[in-house]
Amino acid sequence: MDNPNFSIEFFPPKTAEGADKLRVTRAKLSELNPKYFSVTFGAGGSTQRGTLDTVVEILAAGEQAAPHLSCVGGTRESIRAILAEFKSHNIKRIVALRGDLPSGYGAAGEFRYANELVEFIRQETGDWFHIEVAAYPEVHPQAKSPQDDLLAFERKIKAGANSAITQYFYNADAYFQFVEQTRKLGIDVPVVAGIMPITNYTQLMRFSDMCGAEIPRWVRLKLASFGDDSASIKAFGLDVVTGLCERLLQGGAPGLHFYSMNQAAATTALWQRLV
């Protein structure tokens with residue numbers, strides 16, 4: 001398996017201490033030689049400056065980096081300005097998302113859906129950017145139906161996206177079925193599997209409830225049985241996610257995108273088992 005198929009996601013730190021910790025984490029994960037690091041973009045663009053600063057710092061260190069760009073709350077003018085700034089730093093890859101409305105936010109802005117953002121990026125910048133979009137093997141929690149969700153994905157690809165990264169999941173069959181369905185629609189872009197290491201049961205349940213990721217019952221019960229035994233949770237989680245990654249790669253997944261949560265240990269442990 002080739003390391004270039006691996007990528008790692010960070011969120012922008014909000015404090016100087018967080019920035020220092022992320023530098024240490026990034027230095028450790030850089031040793032794994034990922035294809036690129038991505039950096040998330042807060043609801044309504046709330047971390048826009050932090051996202052860019054983090055990406056620029058990664059680029060300055062000689063690594064490849066991709067900022068996320070959410071269209072929620074954005075105007076054509078504001079997105080145009082962000083794209084120009086990205087280009088000025090020679091950023092060549094974007095993860096383009098609709099994003100979530102932050103609490104108290106009134107309107108979605110001029111772009112309602114990610115496909116409209118992708119189309120705008122292409123109109124403004126041509127082929128300058130490699131555009132990644134999101135995919136949902138277990139169906140987006142706000143989708144009316146699985147078919148509606150699949151058609152929404154198709155619109156993003158037709159608008160000009162180059163590839164996709166999935167929401168995390170623990171059921172490989174959901175991923176393979178999703179990819180098969182996209183192929184039947186004539187979509188042939190790479191769909192990289194998003195991977196969430198399991199290190200904390202309470203945190204995992206909270207995240208999964210928010211994003212609609214399904215935790216298999218046997219995994220959930222086993223994790224709950226460990227109580228506060230974090231060492232057992234991490235060891236079991238490592239076994240579960242390693243098995244998932246191995247099945248995905250053997251089944252033809254073009255790559256893995258690790259949601260690092262700005263920590264190095266879990267992603268490194270997974271990586272070392274896979275290479």
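- The name an unreviewed UniProt entry assigns to the chain is Methylenetetrahydrofolate reductase, from the organism Duganella dendranthematis.
- Per UniProt, the comment on the chain under Sequence similarities (unreviewed entry) is "Belongs to the methylenetetrahydrofolate reductase family."

## What about the pattern of salt bridges?
- Following the criterion strictly, the structure yields 13 salt bridges and no others.
- Among the salt bridges present, the one from Asp239 reaches Arg273, with a minimum N-O distance of 2.8 Å. With Asp239 in helix H9 (residues 230–250) and Arg273 in helix H10 (residues 265–274), this pair connects stretches of sequence that are 34 residues apart.
- When salt bridges with common partners are traced through the structure, they connect Asp20, Arg23, Arg26 and Glu57 into a single cluster.

## Thoughts on the packing of aromatic side chains
- Under the defined criterion, the tally for this structure stands at 13 aromatic pairs.
- Each ring, one from Trp128 and one from Phe129, has its centre 6.5 Å from the other, and the planes form 75°; the classification is edge-to-face.
- Classification of Phe129 as buried rests on a relative accessible area of 2%.
- Each ring, one from Phe153 and one from Phe178, has its centre 5.2 Å from the other, and the planes form 65°; the classification is edge-to-face. Of this pair, Phe153 sits in helix H5 (residues 146–158) while Phe178 sits in helix H6 (residues 172–184), and the two are 25 residues apart along the sequence. Of the two residues, Phe153 and Phe178, both sit in the buried class.
- Here the aromatic residues Phe6, Phe258 and Trp271 are joined through ring pairs into a cluster of three or more.
- The ring of Trp128 carries the charged tip of Lys87 above its face, separated from the ring centre by 4.9 Å.
- Across the ring face of Trp128, the terminal group of Lys92 is positioned such that the distance to the ring centre comes to 3.7 Å.

## Comments concerning the layout of surface pockets
- Size it by volume and the second largest pocket reaches roughly 490 Å³.
- As for the second largest pocket, its lining consists of 26 residues, of which Thr199, Ser260, Met261, Asn262 and Gln263 are closest to the centre.
- Of all the elements in the fold, those that place two or more residues in the lining of the second largest pocket are helix H1 (16–30), H9 and H10.
- Counting residues per element, the lining of the second largest pocket draws most heavily on H10, at 5 residues.

## Things to note about the side chain of Thr268
- Looking at where Thr268 falls in the secondary structure, it is placed in helix H10.
- Polar contacts involving the side chain of Thr268 include one to the main-chain carbonyl oxygen of Ala264, which spans 2.7 Å.
- Setting aside chain neighbours within four positions, we find Thr268 in contact with Leu29 and Leu32.

## Observations concerning H10
- Thr267, Thr268, Leu270, Trp271 and Leu274 are the residues of H10 that are buried. Projected down its long axis, H10 shows its buried positions confined to an angular sector of 165°, all on one face. Turned more than 90 degrees away from the buried face of H10 sit Ala265 and Gln272, all of them exposed.
- Each element contacted by the buried residues of H10 is listed here: strand E1 (6–10), H1, strand E7 (191–195), H9 and strand E8 (256–259).

Definitions and limits used
- Residues numbered from 1 in each chain as written.
- Predicted model: local features only at pLDDT ≥ 70, side-chain atom pairs only at ≥ 80, totals over all residues.
- Heavy atoms only, no water.
- UniProt positions renumbered as here; feature names shortened; annotations may be inferred.
- Salt bridge = Lys/Arg side-chain N within 4 Å of Asp/Glu carboxyl O.
- Helix = DSSP H or I, 4+ residues; strand = E, 2+ residues; numbered from the N terminus.
- Phe/Tyr/Trp six-rings, centres within 6.5 Å; stacked < 30°, edge-to-face > 60°.
- Buried < 20%, exposed > 50% of the residue type's maximum accessible area, 1.4 Å probe, protein only.
- Lys NZ or Arg CZ within 6 Å of the ring centre and 35° of its normal.
- 1 Å grid on protein atoms, 1.4 Å probe; cavity = no way out; pocket = protein on both sides within 12 Å on 5 of 7 lines; lining within 4 Å.
- Points joined across faces, edges and corners; volume = space filled by probe spheres on them.
- Polar contact = N/O pair within 3.5 Å; in protein donor to acceptor, adjacent residues only side chain to side chain.
- Contact = heavy atoms within 4.5 Å.
- Arc of directions from axis to C-beta.

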